[in-house]
Amino acid sequence: MATVHLRIGDLVWGKLGRYPPWPGKVVSPPKDLKKPRGKKCHFVKFFGTEDHAWIKVEQLKPYHPHKDEMIKINKGKRFQQAVDAVEDFLKKAKGKDQNSDSKGESKGKKTPNKPLKILEEEDEDLSALKDPSEKPASSMEPISKRLKIIEEDTGSTSIQAADSTAINGSITPTDKRIGFLGLGLMGSGIVSNLLKMGHVVTVWNRTAEKCDLFIQEGARLGRTPAEVVSMCDITFSCVSDPKAARDLVMGPSGVLQGIRPGKCYIEMSTVDPETITELSQVITSRGGRFLEAPVAGSQQLSNDGMLVILAAGDRTVYEDCSSCFQAMGKTSFFLGEAGNAARMMLILNMVQGSFMATIAEGLTLAQATGQSQQTFLDILCQGQMASTFVDQKCQNILQGNFKPDYYLKHIQKDLRLAISMGDMANHPTPMAAAANEVYKRAKALDQSDNDISAVYRAYIH
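Residues numbered from 1 in each chain as written. Predicted model: local features only at pLDDT ≥ 70, side-chain atom pairs only at ≥ 80, totals over all residues. Heavy atoms only, no water.

Structural notes on the overall build of the chain
In step 1: Along the chain, the regular secondary structure elements total 17 helices and 16 strands.
In step 2: Looking at the chain as a whole, 48% of its 461 residues are labelled buried.
In step 3: Total accessible area on the chain is roughly 23,000 Å²; 52% of this is exposed by carbon and sulfur atoms. (Helix = DSSP H or I, 4+ residues; strand = E, 2+ residues; numbered from the N terminus. Buried < 20%, exposed > 50% of the residue type's maximum accessible area, 1.4 Å probe, protein only. Areas by Shrake-Rupley, 256 points an atom, 1.4 Å probe, with all protein chains shown as cover.)

Written out as structure tokens, the structure reads:
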């Protein structure tokens, strides 16, 4: 592979950590930020954000030759906005060059074509557009405190990490200290977005190594759940199931030991209403304030800050968490008393799980009857059932890609809890019961830690 030589001002695609390639430009690093030793890298500022970092040369690609490739493999509104910001800049820069050429020609002089100049923070044109009240980010911060898109000609427009909350303007992070327990598929993306938006976050995870990346991004480390709660004003929890949620609160060195009057605890795990009621009672019995806030979405939506948050319980806690919810999700709903969010989340996941099982059944029936699975998907995606969910899950199935975006074992757990909830309400759930049996079959085939789309394998074995 030929070596690509880059220089200040070049547009690139940069790969930072676990994030997808993102459009940016090579800029001069701050004077007090030294280049990492022994690494060939460039300092890149990413479009659509204030994120900037040293990126290894092997993680960089020129913008124009790889544009089509990157647009095909990356999805999401925030990504598209970043690409649009690059293209808008290029159009405006080209227009300025053409105007300069016209002026030169009108004077009878030839103006040589100059490469497009990518404005850096030091450039007068860009610095004049900045909000004078905005404090510059520390050069040592690997993740920005605020995300903004600069509109060069029309002024600055603030956009949040969660795109659909952009109408609220840029997020002002709460000055309350935030704790977060559980860095799984969902929790990891949530914590990243909290840090990006400038929140002070202390993290804990049962497997301590998972905390390392977030410590590098500016998080603090708590040694136990009790320590995190005692250090923080608001503590979130996002774990796998009701047992894990109870153990985290009432187990050794658990949350309950750190709860003091006024401390806030937010349960984001998808659990049953009975577990929520129990946790709410024990937290409030110690003078704590309780909110449940399970999230609808996937790992990708968590990374993108596009989750849907369902909250219930203490309304004042919900309001205190406003900047946190804006950072992690595209919208949030307050549903009243504790337990209501758990009920609504189980219903949503019951529908999603049943739907995924039906789609997998359709794909396998197409194959069994001699029909093209790809044609089935193409037709499906042109009709009323078309959605990103259907397209992505089916494409992954056809490619044999079952990397977890939402664990199969968790959707089966949610189906089981939803069926139990239906039993308690004396309401039939026959479709969910049938889907649950298919997921149980998939678990028996060792698919628990694969994506929910791996339910497909229950039909072919």
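So, next bit.
What about the pattern of salt bridges?
Where charged atoms from two side chains of opposite charge approach closely, those side chains can pair.
In step 1: Per the counting criterion, the structure on display carries 14 salt bridges.
In step 2: Put simply, Glu227 and Arg223 hold a salt bridge, and the shortest N to O gap is 2.7 Å.
In step 3: Between Lys393 and Asp451 there is a salt bridge, with its nearest N and O atoms 2.9 Å apart. Of this pair, Lys393 sits in helix α14 (residues 388-399) while Asp451 sits in the loop between α16 (430-444) and α17 (457-460); the two residues are 58 residues apart in sequence, bridging distant segments of the chain.
In step 4: Relative accessible area serves as the criterion here: at 8%, Lys393 is assigned to the buried category.
In step 5: A relative accessible area of 1% means that Asp451 is categorised as buried.
In step 6: Salt bridges sharing common partners tie together Arg289, Asp314 and Asp320. (Salt bridge = Lys/Arg side-chain N within 4 Å of Asp/Glu carboxyl O.)

Points about unusual backbone geometry
Most peptide bonds adopt trans geometry, and most residues besides glycine take a negative phi value.
In step 1: In the Ramachandran plot, Ser253 falls in the positive-phi region, its phi being about 55° despite a non-glycine side chain.
In step 2: The phi dihedral of Asn426 is positive, around 55°, even though this residue is not glycine.
In step 3: Mapping Asn426 onto the fold places it in the loop between α15 (408-424) and α16.

Considerations on the pairing of strand β2 (residues 22-26)
In step 1: Here β2 lies mainly inside the structure; five of its five residues are buried.
In step 2: Judged by which residues are buried, β2 turns out to be covered on both faces: Trp22, Gly24 and Val26 on one side and Pro23 and Lys25 on the other are all buried.
In step 3: As judged from the four bridges shared by strand β1 (residues 11-14) and β2, these two strands associate in the antiparallel manner. Residue pairing in the sheet places Val12 in a bridge with Gly24 of β2.
In step 4: Inspection of the sheet shows β2 paired to strand β3 (residues 41-46) by three bridges, in the antiparallel sense. Across the sheet, Lys25 pairs through a bridge with Lys45, a residue of β3. (Pairing = 2+ DSSP bridges.)

Brief notes about the layout of surface pockets
In step 1: Looking at the second largest pocket, its volume works out to about 980 Å³.
In step 2: In terms of lining residues, the second largest pocket is bounded by 39 residues, among which Gly184, Asn205, Cys238, Val239 and Ser240 are the most central.
In step 3: When residues of the lining of the second largest pocket are traced back to their parent elements, those giving at least two are α4 (185-196), α5 (212-216), α7 (242-250), α9 (299-304) and α15. (1 Å grid on protein atoms, 1.4 Å probe; cavity = no way out; pocket = protein on both sides within 12 Å on 5 of 7 lines; lining within 4 Å. Points joined across faces, edges and corners; volume = space filled by probe spheres on them.)

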